[in-house]
Amino acid sequence: MGEPLLQIEDLHAGIPGREILRGVNLTLPAGQVHALMGPNGSGKSTLAQVLAGREDYTITQGRILFAGQDLAALKPHERAAAGLFLAFQYPVEIPGVTGMQFLRAAVNAVRKQRGEPELDPVAMLKRLREAAKLVDCNPDTLKRPVNEGFSGGEKKRNEVFQLAALAPRLAVLDETDSGLDIDALQVVAKGVNALRRPDRAFLVITHYQRLLNYIVPDVVHVLVEGRIVKSGDRTLALDLEREGYAAVEEKAAV
Amino acid sequence: MTTTDTIQDLVPDKYKYGFVTAIDADTAPPGLNEATIHLISDRKQEPDWLRQWRLKALKHWLTMKPPHWAFLRYPEIDYQAISYYSAPKPARKDGPQSLDEIDPQIRQTYEKLGIPLEEQKALAGVAVDAVFDSVSVATTFKKKLAELGIIFCPISEAVRDHPDLVRQYLGSVVPYTDNFYATLNSAVFSDGSFAYIPKGVRCPMELSTYFRINAQRTGQFERTLIVADEGAYVSYLEGCTAPMRDENQLHAAVVELVALKDATIKYSTIQNWYPGDAQGKGGIYNFVTKRGACRGARAHISWTQVETGSAITWKYPSCILQGDDSVGEFYSVAMTNHHQQADTGTKMIHIGQRTRSTIVSKGISGGHGQNSYRGLVKILPGARHSRNYTQCDSLLLGDQCGAHTFPYIEVRNSSSRAEHEASTSKIAEDQLFYCHQRGLDEENAVALIVNGFCREVFKELPMEFAVEANKLLAISLEGSVG
Ligand SMILES: Nc1ncnc2c1ncn2[C@@H]1O[C@H](COP(=O)(O)OP(=O)(O)OP(=O)(O)O)[C@@H](O)[C@H]1O
Ligand SMILES: [Mg+2]
């Protein structure tokens with residue numbers, strides 16, 4: 001078991017007048033894949049967005065350590081540079097900005113913050129081609145404006161492509177499997193598996209145990225009403241599917 | 001803290017072209033009367049017809065009042081306080097004979113601006129006519145162009161060497177009586193570029209002029225005339241910068257384009273004159289008349305402009321579509337930041353049958369900037385089966401700035417139609433966060449999103465200049481949101 005890459009301690013966060021996360025504890029070591037499951041509205045996306053630094057949410061208690069560093073001190077773009085990537089549940093359209101422009105800007109912005117030289121256009125193209133190959137993505141998407149007019153599935157696949165291009169240390173995938181047909185699901189899973197490395201970790205948010213047949217998690221967490229009520233190995237996902245959240249929650253309470 | 005606040009504080013303003021070149025200049029005393037015209041004509045050793053034309057213009061101008069219909073606010077300009085002629089003193093009396101003879105100071109200025117004045121640097125294939133204050137200092141590639149019969153030179157030189165051509169076309173698109181600023185320009189125009197592309201010739205390189213306003217208290221009045229003879233093609237780029245000054249400097253240029261039968265003229269402008277400081281002090285007043293005439297069948301004129309500079313921009317590049325099946329296009333990005341004001345747009349006058357025009361205008365306002373699109377589409381009774389498509393998008397980067405649209409559409413026959421689409425938007429918080437999550441800071445994220453907003457216009461620019469336009473926009477955006 002490697003060093004904890006991500007350590008969430010007693011995290012309380014929410015919007016004015018409402019606490020959404022109510023004491024989340026989670027430890028994710030490098031090299032592992034953790035699945036995060038939970039009913040609609042339980043706070044999964046909120047957790048993902050808080051990790052990424054969305055300003056809409058305020059942390060009222062607890063802290064998040066990323067590679068030993070308190071994330072509270074970092075702005076969203078600095079978190080990205082530190083190696084945190086979020087595949088959005090609802091990827092955003094950037095009209096008129098091609099995938100190429102977007103990723104070129106992103107990759108170089110990250111490199112610059114790390115004090116690395118920017119990639120020249122040739123090196124960049126090479127890197128993006130490799131990334132596309134790794135996740136079996138059509139490099140032609142690079143020519144299209146980011147997410148503009150993409151189908152739901154295309155958007156999700158594009159997130160995984162960006163993930164491959166940015167090669168982060170921690171990837172949070174927020175329902176990247178939702179809306180994918182069975183073939184696309186396998187492609188995405190294959191991509192994620194190809195990106196697994198001893199120094200990289202994944203937090204995979206999903207509603208479906210089906211995905212976990214392809215991306216086999218080390219640990220499954222169940223989030224209910226802003227708290228992780230149960231953690232276990234991958235059989236927990238099977239239990240959830242069979243018995244539903246209520247039953248699992250009840251058992252956990254005993 | 002909202003995103004809006006943060007962006008405002010982000011970056012100090014820098015106008016990176018705000019240096020002044022210390023050179024000896026031959027500058028006329030301030031003031032405008034007949035003696036001024038004679039001084040200009042004498043200095044330039046002009047033929048009498050041109051001197052008389054200037055005098056007629058002056059006489060007419062004295063009866064005119066500055067227009068006030070534009071959505072712009074600025075103090076009255078004292079036209080008698082301006083100097084109407086300034087020329088760098090040449091080392092030799094008859095001016096530089098070759099590029100090597102140009103004042104090294106001037107060359108350095110151009111180098112700072114990144115203009116490939118020396119031919120060896122001009123690998124990009126751009127022929128540059130550089131106008132420094134009132135005088136054109138160098139025209140590169142002249143010989144190569146001459147082999148094709150293309151004339152590309154300062155207009156003062158064209159008056160001397162190609163008087164018939166100049167006389168035939170000068171004022172034929174923008175008459176000296178046209179409007180206050182054009183009339184003023186006709187009276188006092190100093191220099192500018194002239195290009196003539198003969199029948200059937202496709203100009204093999206971009207022609208380019210760089211204007212730079214350097215001397216203090218000088219107004220700059222360029223006159224550009226481009227004629228594409230039957231079946232000819234030319235792409236022309238005009239780029240402008242000015243040093244940082246506290247006083248407002250007046251700039252009233254006239255550009256005339258003539259496209260004969262089957263000819264195409266693409267005219268691109270990147271205007272980056274000093275916009276004034278963050279408090280709205282200083283900056284260029286840019287009152288420009290640009291007009292193109294499609295004189296023959298299937299003639300095609302396309303204006304593309306990226307306007308990021310100037311304190312005030314008053315500019316309506318227009319097309320007169322006389323020839324049947326002729327085409328007019330206007331692609332514009334206008335950015336106003338701080339206290340900049342822009343009232344810009346186009347006029348498309350459809351006269352010939354089956355004439356078509358396209359207008360794509362992208363206005364971006366930040367800070368206290370005011371950005372107006374003003375467009376006239378006029379389809380005359382005889383212009384049967386003609387079409388116009390207008391798309392007018394505004395992007396607001398803060399809540400202190402403004403975007404305004406004034407479209408005037410007149411369709412005077414039943415077989416033609418004009419379509420108008422308009423939108424006003426703001427950068428969504430979601431888009432910014434998405435960019436931040438990928439590593440882009442506030443400044444880069446805004447620049448990228450704005451760039452996407454301008455895509456339809458940028459793709460009309462010649463490649464090298466699209467990159468340049470991008471950079472300029474990023475500089476102009478600094479401190480734009482608030
Ligand atoms: N910015 C916000 N403003 C108001 N309410 C919010 C906001 N963000 C989250 N919420 C609320 O907090 C709760 C948790 O939302 P969240 O999106 O984290 O759930 P989720 O577990 O991702 O659900 P799903 O499985 O449906 O994606 C929901 O009730 C949601 O309405
Ligand atoms: Mg969610």
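Scope of this entry: the structure provided in the associated data block. As the structure is a prediction and not an experimental result, all values here were calculated from the model.

**As for the overall build of chain B**
In step 1: When helices and strands are counted, chain B shows 12 helices and 23 strands.
In step 2: When each of the 482 residues of chain B is scored for burial, the buried share is 63%.
In step 3: In chain B, the proportion of contacts linking residues at least 24 apart, taken out of those at least 6 apart, comes to 84%.
In step 4: As displayed, chain B has an accessible area near 18100 Å², and 50% of this comes from carbon and sulfur atoms.

**As for the site of ligand 1**
Residues and elements named next belong to chain A.
In step 1: Around ligand 1, the surrounding shell holds 15 residues, and the nearest of these are K44, S45, T46, Y57 and H207.
In step 2: K44 has a polar side-chain atom sitting 2.7 Å from an oxygen atom of ligand 1.
In step 3: S45 is positioned with one of its side-chain polar atoms (N or O) 2.8 Å from an oxygen atom of ligand 1.
In step 4: Burial of ligand 1 by the protein amounts to 67% of the accessible area it has alone, namely 630 Å².
In step 5: Looking at the shell around ligand 1, the elements with two or more residues in it are β2 (18–29) and α1 (44–52).
In step 6: No other element matches α1, which puts 3 residues into the shell around ligand 1.
In step 7: Tallied by class, residues from the shell around ligand 1 come to 4 nonpolar, 8 polar and 3 charged.

**Brief notes about the side chain of A:E175**
All names here are of chain A.
In step 1: Among the secondary structure elements, E175 is positioned in the loop between β7 (170–174) and α6 (182–195).
In step 2: Put simply, E175 is tucked away with no salt bridge, and the nearest opposite charge, on K44, sits 4.6 Å away.
In step 3: Every residue in contact with E175, bar those within four places of it in the chain, is listed here: K44, Q89, K156, I205 and H207.

**Overview of the packing of helix α4 (residues 121–134) of chain A against helix α5 (residues 152–166) of chain A**
All names here are of chain A.
In step 1: Two elements in contact, α4 and α5, have axes whose closest approach is 8 Å; the angle formed by their N-to-C orientations is 130°. Looking at the two axes, α4 sits oblique to α5. α5 is crossed by α4, and the crossing has right-handed handedness. Side by side, α4 and α5 meet where R127, L128, A131 and A132 of the first sit next to F161, A164, A165 and L166 of the second.
In step 2: Taken together, the residues of the contact of α4 with α5 sort by class into 7 nonpolar, no polar and 1 charged.

**Remarks on the coordination of the magnesium ion (ligand 2)**
In step 1: Looking at the magnesium ion (ligand 2), the protein donor atoms are A:S45 (OG) and A:Q89 (OE1), and they sit 2.0 to 2.2 Å from it. Pair noted here: A:S45 is in helix α1 and A:Q89 is in the loop between β6 (84–87) and α3 (99–113), with a separation of 44 residues, a long-range link.

**Quick notes on the side chain of B:T264**
In step 1: Within the secondary structure layout, B:T264 lies in strand β12 (residues 264–272).
In step 2: Ignoring sequence-local partners within four residues, the contact set of B:T264 consists of B:A228, B:A232, B:Y233, B:V234 and B:H300.

**Quick notes on unusual backbone geometry**
Among all residues except glycine, the phi angle is most often negative; among peptide bonds, the trans geometry is most common.
All names here are of chain A.
In step 1: In this model, D10 sits at a positive phi of 45°, which is unusual for a non-glycine residue.
In step 2: Locating D10 in the fold gives a position in strand β1 (residues 4–15).
In step 3: Given the relative accessible area of 31%, D10 is considered partly exposed.
In step 4: Here E175, not a glycine, exhibits a phi torsion of approximately 50°, which is positive.

**What to know about the sheet that holds β1(A)**
In sheet architecture, strand pairing relies on hydrogen bonds along the backbone and comes in two forms, parallel and antiparallel.
Residues and elements named next belong to chain A.
In step 1: The 4 strands are arranged β2-β1-β4-β5 in an open sheet whose pairing can be described as antiparallel. Only two strands of the sheet have a single neighbouring strand rather than two, namely β2 and β5 (69–70).
In step 2: Across the sheet, α1 lies against β1, β2 and β4 (58–66), angled at about 110° from β1, the strand it touches most.

**So, the nonpolar core**
In step 1: Membership of the largest hydrophobic core comes to 67 residues, with the highest contact counts inside it found for A:I8, A:L170, B:I364 and B:V450.
In step 2: Among the elements that make up this core, the one with the highest residue count is helix α10 (residues 442–453) of chain B (7 residues).
In step 3: When near neighbours in sequence (up to four residues on either side) are disregarded, B:V450 contacts B:I364, B:L395, B:L397, B:I427, B:L473 and B:L477.
In step 4: Judged by nonpolar contacts, the second largest core, of 35 residues, contains A:L128, A:L142, A:V192 and A:L195.

**Concerning the pairing of strand β8 (residues 223–228) of chain B**
All names here are of chain B.
In step 1: With 6 of 6 residues buried, β8 is to be regarded as a mostly interior element.
In step 2: Relative to strand β11 (residues 254–259), β8 runs parallel, the two being bridged by 6 bridges. The partner of I226 across the bridge, within β11, is L257.

**A few points about the packing of α3(A) against α5(A)**
Residues and elements named next belong to chain A.
In step 1: Orientation of α3 relative to α5, taken along the N-to-C sense of each, is 35°, at an axis distance of 10 Å. Handedness of the α3/α5 crossing: right-handed. Contacts between α3 and α5 involve F102, L103, A106, V107 and V110 from the first element and F161, Q162, A165 and L166 from the second.

**Some remarks on the pattern of salt bridges**
In step 1: Applying the stated criterion across every chain, the model contains 28 salt bridges over all chains.
In step 2: A salt bridge links A:K155 to A:E93; the shortest N-O distance between them is 3.6 Å. Highlighted residues: A:K155 in helix α5 and A:E93 in the loop between β6 and α3, separated in sequence by 62 residues.
In step 3: Among the ionic pairs, B:D325 bridges to B:R354, the shortest N-O distance being 3.0 Å.

**Considering the interface of chain A and chain B**
In step 1: At the junction of the two partners, chain A supplies 32 residues and chain B supplies 19 residues.
In step 2: Summed over both sides, the interface between chain A and chain B buries roughly 2100 Å², with carbon and sulfur atoms accounting for 63% of that surface.
In step 3: Where chain A packs against chain B, one counts 2 salt bridges.
In step 4: For B:D430, the salt bridge identified is with A:R54, shortest N-O distance 2.9 Å.
In step 5: For the pair chain A and chain B, the interface holds 12 residue pairs in polar contact (both at pLDDT 80 or more).
In step 6: Counting only elements with at least two residues in the side of chain A that touches chain B, the list comes to α1, α2 (76–82), β6, α3 and α5 of chain A.
In step 7: When residues in the side of chain A that touches chain B are grouped by element, the largest group, 7 residues, is from α3(A).
In step 8: When grouped by side-chain class, the residues that make up the side of chain A that touches chain B number 19 nonpolar, 9 polar and 4 charged.

What counts and how
- Along every chain, residues carry numbers that run from 1 in the direction the sequence is written.
- Following the order in which they are written, the chains are lettered starting with A and the ligands numbered starting with 1.
- The predicted origin of the model limits local features to residues at a pLDDT of at least 70 and limits the giving and counting of side-chain atom pairs to 80 or more, whereas totals for whole chains, interfaces and linings rest on all residues.
- The side-chain quantities take in all heavy atoms of the structure and omit both hydrogens and water.
- To qualify as a helix, a DSSP run of H or I must reach at least 4 residues; to qualify as a strand, a run of E must reach at least 2; elements of each kind are numbered from the N terminus.
- Throughout this description, buried means an accessible area under 20% of the type-specific maximum (1.4 Å probe, protein chains only), exposed means over 50%, and partly exposed covers the range between.
- Working rule for contacts: check all heavy atoms of both residues, and any pair within 4.5 Å makes them a contact.
- The accessible surface values rely on the Shrake-Rupley method and a 1.4 Å probe; as for residues, cover is taken only from the protein chains in view.
- Proximity is defined per residue: any heavy atom of the residue falling within 4 Å of a molecule or strand makes that residue near it.
- What qualifies as a polar contact is a pair of N or O atoms within 3.5 Å, subject to a donor-acceptor requirement within protein and to the restriction that residues adjacent in sequence count only when both atoms come from side chains.
- Think of it as three bins: nonpolar holds Ala, Val, Leu, Ile, Met, Phe, Trp, Tyr, Cys and Pro, charged holds Asp, Glu, Lys and Arg, and polar takes everything else, Gly as well.
- In this tally, Asp and Glu contribute negative charge and Lys and Arg positive charge; neither His nor the terminal groups of the chain are included.
- Take a side-chain nitrogen of Lys or Arg and a carboxyl oxygen of Asp or Glu: if they are within 4 Å of each other, that pair is a salt bridge.
- Between the N-to-C directions of two axes lies an angle of 0 to 180 degrees, each axis being a line fitted to C-alpha atoms and, for a helix, fitted only over the stretch in contact.
- If an angle is under 35 degrees, it is roughly parallel; if it is over 145, roughly antiparallel; if it lies from 65 to 115, roughly perpendicular; otherwise it is oblique.
- Handedness of a crossing is defined here by the sense of rotation of the near helix relative to the far one, left-handed for an anticlockwise turn of less than a right angle and right-handed for a clockwise turn.
- Ligating atoms shown are N, O and S within 2.8 Å of the metal, or 3.2 Å for Na, K and Ca, and water is not included, meaning a site may look less than complete.
- One requirement defines pairing of two strands: DSSP has to find at least two bridges between them.
- Only buried Ala, Val, Leu, Ile, Met, Phe, Trp, Tyr and Cys residues count toward a nonpolar core, and they belong to the same one when joined by side-chain atoms within 4.5 Å.
- Buried area adds together the accessible area that both of two parts lose upon being put together, with accessible area traced by a 1.4 Å probe.

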